[in-house]
Amino acid sequence: MTAIHIQGLGTYVPTKRITNVDLMSLVDTNDEWIVSRTGIKARHMLADDENGSDAGTEAALKALEDAGIAAEDITHVLTATCTPDYLCPSTACIISGKIGSHGAMAFDLNAACTGFVYGLDVANSILAGKPGAKVLLVGSEAFTRRLNWEDRTTCILFGDGAAAAVLTNGEAGTPKRCLPSAPRLRDVRCGADGRQYPLLTVGGGTNRNYKPGDPVQDDFYLQMQGREVFKQAVRSLSAVCSELLEDNGLTLEDIDLFIPHQANLRIIEAVGDRLKLGSEKIFVNLDEYGNTSAASIPLGIGDACAQGRIRPGSRVLLSAFGGGFTWGAALLEF
Ligand code: UT7
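Residues numbered from 1 in each chain as written. Predicted model: local features only at pLDDT ≥ 70, side-chain atom pairs only at ≥ 80, totals over all residues. Heavy atoms only, no water.

Q: Go over helix α5 (residues 115-129) with me, naming the residues and quoting the values.
A: Between the first and last C-alpha of α5 there are 21 Å, a value that for 15 residues agrees with the 21 Å anticipated at 1.5 Å per step. Along α5, the residues that are buried comprise G115, F116, V117, G119, L120, A123, I126 and L127. (Helix = DSSP H or I, 4+ residues; strand = E, 2+ residues; numbered from the N terminus. Expected span 1.5 Å × (residues − 1). Buried < 20%, exposed > 50% of the residue type's maximum accessible area, 1.4 Å probe, protein only.)

Shown next, in the form of structure tokens:
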């Protein structure tokens, strides 16, 4: 019998906070445009001497504490990121070394903003095959390092952050600090369509033929055709939620809270309209963080718990969309 649970959760957001007004000194933009087109008011940025692995480590340590599980008992460390410290070693290996889960299998998983939901699916499979395993899943991004601060169409959208979850097969007691109860992962599904991949890219870590002394090329930075991505995000997020609910014999009436990927408030509202879901059931925190990519969904779970919007018994729907394109949805029962 497989009953995968999230036994603990931890989040980390860098202290440095950049408001929309701060961005006005960098690009031709203003608070009114950013808020009305995206809902974002601020985002957080890693310190100069801080990396995605450091943020992931902070989140991982809190998740272990919440779970009441020691780092040395973790068997698998997965990090969902598309802004890793290095191509090699993986951010997962660096985090594993820092927290002390030596010997655990460790690897990165890149599904852009859908990374955490993909990670839930991978963790689900690992735990189904190895019921004694203890999986640490980290979503960590350092997106401000990959933004072109001269491009007003993208630099206003993203922020840094990390969140981590400890997953086990079976429940191991009540979480100590963040989660109100250990939710069962009732179902998860993920998909991708690579045909439109050029619409959202982060290059520069590729095998492009840079020569010594070449300046950083434009493709080092995130590049996005926003309008096309917007349309596809609304379609995919709505579709994957409907499919997951239908396959589980549920309707949106059965959902207590929907935590969508936090990219743009207008995308979230459009998905809510399509699903006919009232705004009171939709969680939003992008006003404070912007788009934190693979950290967005678990940061949402952490904040929703802190605000008392998730309680024991809550049924929570998660859904994400990102570059690739990738998409995914998951159902948690607290
Ligand atoms: O995680 C998944 C990945 N990302 C996403 O899901 C993001 C998806 N896309 C979006 O969120 C939106 O498409 C954006 C927020 C990126 C852009 O919003 P939009 O409503 O699609 O605006 P637009 O690109 O159509 O631009 C409208 C106007 C343009 O001016 P003109 O050509 O009409 O004169 C832009 O140049 O707004 C201008 N503009 C800005 N003005 C002030 C674009 N960026 C800015 C800015 N400040 N930062």
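Q: A description of the packing of aromatic side chains should follow, citing residues and the corresponding values.
A: Counted under the stated rule, the structure contains 3 aromatic pairs. Pairing F321 with F325 gives two aromatic rings, centres 5.0 Å apart and planes at 40°, and the pair type is tilted. We classify F321 as buried; its relative accessible area is 4%. (Phe/Tyr/Trp six-rings, centres within 6.5 Å; stacked < 30°, edge-to-face > 60°.)

Q: Describe the site of the ligand, listing the residues and the values that go with them.
A: The full set close to the ligand counts 23 residues, and T29, R37, R227, N264 and R266 are the nearest of them. Here a nitrogen atom of the ligand and a backbone polar atom of R152 are 2.9 Å apart. The side chain of R227 places a nitrogen or oxygen atom 2.6 Å from an oxygen atom of the ligand. One can see that the ligand is located within the largest pocket. Among the secondary structure elements, those contributing two or more residues to the shell around the ligand are α2 (31-38), α6 (226-247) and α7 (265-275). If one sorts the elements of the shell around the ligand by residue count, α6 sits on top with 4 residues. For the shell around the ligand, the per-class residue count stands at 11 nonpolar, 7 polar and 5 charged. (Near = heavy atom within 4 Å. Polar contact = N/O pair within 3.5 Å; in protein donor to acceptor, adjacent residues only side chain to side chain. 1 Å grid on protein atoms, 1.4 Å probe; cavity = no way out; pocket = protein on both sides within 12 Å on 5 of 7 lines; lining within 4 Å. Sits in = over half its atoms within 2 Å of the grid points. Nonpolar A, V, L, I, M, F, W, Y, C, P; charged D, E, K, R; others polar.)

Q: Can you lay out the side chain of E333 for me, pointing to particular residues and giving the numbers?
A: Among the structural elements, E333 can be located in strand β13 (residues 326-333). For E333, a relative accessible area of 18% gives the class buried. At 2.8 Å, the side chain of E333 and the side chain of R186 are in polar contact. In contact with E333, not counting residues within four places along its chain, are A182, P183, R184, R186, S314 and R315. (Contact = heavy atoms within 4.5 Å.)

Q: So what's going on with the pattern of salt bridges? Residues and values would help.
A: Under the criterion given, the structure shown has 10 salt bridges. For the salt bridge of D28 with R152, the shortest nitrogen-to-oxygen distance reads 3.7 Å. Taken together, the positions of D28 in the loop between α1 (20-23) and α2 and R152 in the loop between β6 (134-141) and β7 (161-169) put the pair 124 residues apart, joining distant regions of the chain. D28 sits in the exposed class, given a relative accessible area of 60%. The salt bridge involving E333 is made with R184; its shortest N-O contact spans 3.4 Å. Linking E333 in strand β13 with R184 in strand β8 (residues 184-192), this pair joins segments that are 149 residues apart in sequence. According to the relative accessible area criterion, R184 is partly exposed, its value standing at 29%. Here the salt bridges share partners, and the residues they tie into one network are R184, R186, R315 and E333. (Salt bridge = Lys/Arg side-chain N within 4 Å of Asp/Glu carboxyl O.)

Q: Report on the side chain of S296, specifying residues and quantitative values.
A: On the secondary structure map, S296 appears in helix α9 (residues 296-306). A relative accessible area of 2% places S296 in the buried class. Side-chain polar atoms of S296 contact the side chain of H261, separated by 2.9 Å. With near-sequence residues (within four places) excluded, S296 lies in contact with H261 and Q262.

Q: Account for the packing of helix α3 (residues 52-67) against helix α4 (residues 91-99), naming residues and giving values.
A: Close contact between α3 and α4 brings their axes to 9 Å; oriented N to C, the two are set at 55°. In terms of orientation, α3 lies oblique with respect to α4. Both α3 and α4 take part in a crossing whose hand is right-handed. Residues S53, D54, G56, T57, A60, L61 and L64 of α3 form the contact with α4, whose own contacting residues are T91, I94, I95, K98 and I99. Residue composition of the contact of α3 with α4, by class: 6 nonpolar, 4 polar and 2 charged. (Axes fitted to C-alpha atoms, helices over the stretch in contact; angles between N-to-C directions. Parallel < 35°, antiparallel > 145°, perpendicular 65-115°, else oblique. Left-handed = near helix turned anticlockwise from the far one by under 90°.)

Q: Describe the environment of V166, and please don't skip the residues or the numbers.
A: As for its placement among the helices and strands, V166 is situated in strand β7. Between the C-alpha atoms of V166 and I69, which are 97 residues apart in sequence, the distance is 8.4 Å. Once you skip the residues sitting within four places of it in the chain, V166 turns out to touch H5, I6, Q7, G8, A63, L64, A67, I69, I74, V135 and L136.

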